[in-house]
Amino acid sequence: MNFLVFFLIGLLVGIAWRLHVLHRELAQLKDKLKRDVVHRIGELQTQNAGLVERAEQAEAATKAKSAFLASVSHEIRSPLNAILGMAYLMRRAGTTPRQSEQLDRIDRAARYLLAVLGDVLDLSKIEAGKLVLESRDFRLSDMIDSLVSVIGDSLGAKGVAFHVAMEDMPEFLRGDDTRLSQALLNYLSNAAKFTDAGSVALSGRVEARNASGFVLHFQVVDTGIGISPAHLSHLFQPFEQAEGSTTRRFGGTGLGLSVTRKIVEAMGGEVGAESVPGRGSRFWLTVSLQQGAEIQAIPAAHSVAEEMLVRHFHGTRVLLVEDDPVNQEVALELLRDVGLEPDLAINGMQAVEMGLTGVYTVILMDMQMPVMDGVEASRALRAGGCNAQIVAMTGNALAEDRIRCKEAGMDGFMTKPVDPEELFATLLRCLSGRQGVELPDCP
């Protein structure tokens, strides 16, 4: 009996000691776990701080890039506006055949530089994921006619035949006709550049039909210099051309086809090319578009807006806000030519002072100016009760610029270099909307 008691006491002591050891080990594990958790939290906080810092750096870099591109766009487009505007005014005043030929060369060079700038900005939008496609109804024949008018003269001057064939294509479509036109124009421009004899052909057909619309196939075939198989596979990559000698002979940045590929992919399609050196090339693309609603044809008379401004709005006061002397001269002369009475403000502060007098129906507003920029000036005008139509006329061409202008209370947006017909059409819409004049459609 005593043995059993001692045995049980010993067993209990052993258990107690074991529990004590386990408790101590558990406390040690608890302390270690606590230290590990604290350490891990510290690591996570450090990593999170690093991630936040990197995110902030990326955001700052994106903002800096956007600001840089906006500045580049403004600094290039503003002088281009002056160049093209002056050439237009000289041609309008009357020129000799020799002068007209020289002006044509100036015009082509300026528009080529504008196209290069457009490709750079488009590539930047694509890389930033900011390429936004619009969706609107359009007439396919209007888009094709526009392409023919742009590229036909350059081919005709070289004696190269230009053929267009659209096989049973739908008349009305819905999608981004501007981007589709840009993609096809890139193909046609390359074909025109590399073809000195023979022909260039643009064709289109319906590849497939589905419940939402069509898959359309377009191709451009030329009889130009062709492309070697070694260079064909990477033509659609940024900054790529067929070869270095091609770049030196024909020029170009190698951005056009890269932009075309991205546009087409955004439209649910594919691109491709085939070529035989010395015999020509075939570039093709597919896009998915919806069936469009019927729309009116674009009027053939491009001077309708100009004529209607002279007839209905002669003597109307317009405020031009522009700091560049040459662009001032161009815009003032264009406005006076259609019978308007423009006044000039050379910065945003002056624009606010003059705009709040209430004598102006339309204010044409530059964005980047000294003293006060156009966005700030527009906000101040709206806050002061100005109800004039404010239209941005600016070298800033990014989507963010359009948004900023709209948020500031502007009613329209034109990118420099401003086409005179676009300017007249915009003015007509602004003025007719305010005064209720019944006018025909204008471009």
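Residues numbered from 1 in each chain as written. Predicted model: local features only at pLDDT ≥ 70, side-chain atom pairs only at ≥ 80, totals over all residues. Heavy atoms only, no water.

Caption draft 1: Focus on the overall build of the protein chain. Along the protein chain, the regular secondary structure elements total 13 helices and 12 strands. For the protein chain, long-range pairs separated by at least 24 residues make up 73% of all intrachain contacts whose partners lie at least 6 apart in sequence. With the model as given, the accessible surface of the protein chain reaches about 23600 Å², and the carbon-plus-sulfur share is 57%. (Helix = DSSP H or I, 4+ residues; strand = E, 2+ residues; numbered from the N terminus. Contact = heavy atoms within 4.5 Å. Areas by Shrake-Rupley, 256 points an atom, 1.4 Å probe, with all protein chains shown as cover.)

Caption draft 2: Geometry of the packing of helix H10 (residues 348–355) against helix H11 (residues 374–383). Orientation of H10 relative to H11, taken along the N-to-C sense of each, is 20 degrees, at an axis distance of 9 Å. One way to sum up the angle between H10 and H11 is to call them roughly parallel. The crossing of H10 and H11 is right-handed. Taking contact as the criterion, the partners of Gly348, Ala351, Val352 and Gly355 in H10 are, on H11, Ala377, Ala380 and Leu381. In the contact of H10 with H11, the residues fall into 5 nonpolar, 2 polar and no charged. (Axes fitted to C-alpha atoms, helices over the stretch in contact; angles between N-to-C directions. Parallel < 35°, antiparallel > 145°, perpendicular 65-115°, else oblique. Left-handed = near helix turned anticlockwise from the far one by under 90°. Nonpolar A, V, L, I, M, F, W, Y, C, P; charged D, E, K, R; others polar.)

Caption draft 3: Representation of H11. All of the buried residues along H11 are Gly374, Val375, Ala377, Ser378 and Leu381. Here the buried residues of H11 occupy an arc of 160 degrees about the axis, which is enough to place them on one side. Here the buried face of H11 lies against H10, strand E10 (362–365), strand E11 (389–394) and helix H12 (399–407). The N-capping residue of H11, defined by a side-chain oxygen 3.2 Å from the backbone nitrogen of Val375, is Asp373. (Buried < 20%, exposed > 50% of the residue type's maximum accessible area, 1.4 Å probe, protein only. Arc of directions from axis to C-beta. Polar contact = N/O pair within 3.5 Å; in protein donor to acceptor, adjacent residues only side chain to side chain.)

Caption draft 4: Broad picture of the pairing of strand E12 (residues 412–415). Two strands pair when backbone bridges link them, and E11 and E12 are joined in this way by 4 bridges, in the parallel orientation. In the sheet register, Thr394 faces E12, and the bridge partner there is Thr415. Running through H12, the crossover from E11 to the neighbouring parallel element E12 is right-handed. (Pairing = 2+ DSSP bridges. Right-handed = clockwise from strand over helix to strand, strands pointing away.)

Caption draft 5: Spotlight on the packing of aromatic side chains. The full count for this structure, using the stated rule, is 1 aromatic pair. With 5.4 Å between their ring centres and 50 degrees between their planes, Tyr187 and Phe283 make a pair best called tilted. Here Tyr187 is found in helix H4 (residues 177–194), whereas its partner Phe283 is found in strand E7 (residues 280–291), with 96 residues between them in sequence. The class for Tyr187 is buried, based on a relative accessible area of 3%. (Phe/Tyr/Trp six-rings, centres within 6.5 Å; stacked < 30°, edge-to-face > 60°.)

Caption draft 6: Focus on the pattern of salt bridges. Considering all chains together, one arrives at 19 salt bridges under this definition. A salt bridge links Arg98 to Glu101, with the nearest nitrogen and oxygen atoms 4.0 Å apart. Here Arg98 and its partner Glu101 are both found in helix H2 (residues 97–127), 3 residues apart, which amounts to about one turn of the helix. By relative accessible area, Arg98 is classed as partly exposed at 47%. Between Asp343 and Arg317 there is a salt bridge, with its nearest N and O atoms 2.6 Å apart. Separated by 26 residues along the polypeptide, Asp343 in strand E9 (residues 341–345) and Arg317 in strand E8 (residues 317–321) bring together distant segments of the chain. Among the residues examined, Arg317 registers a relative accessible area of 31% and is labelled partly exposed. A single salt-bridge network, built from bridges that share partners, covers Glu134, Arg136, Asp176 and Asp177. (Salt bridge = Lys/Arg side-chain N within 4 Å of Asp/Glu carboxyl O.)

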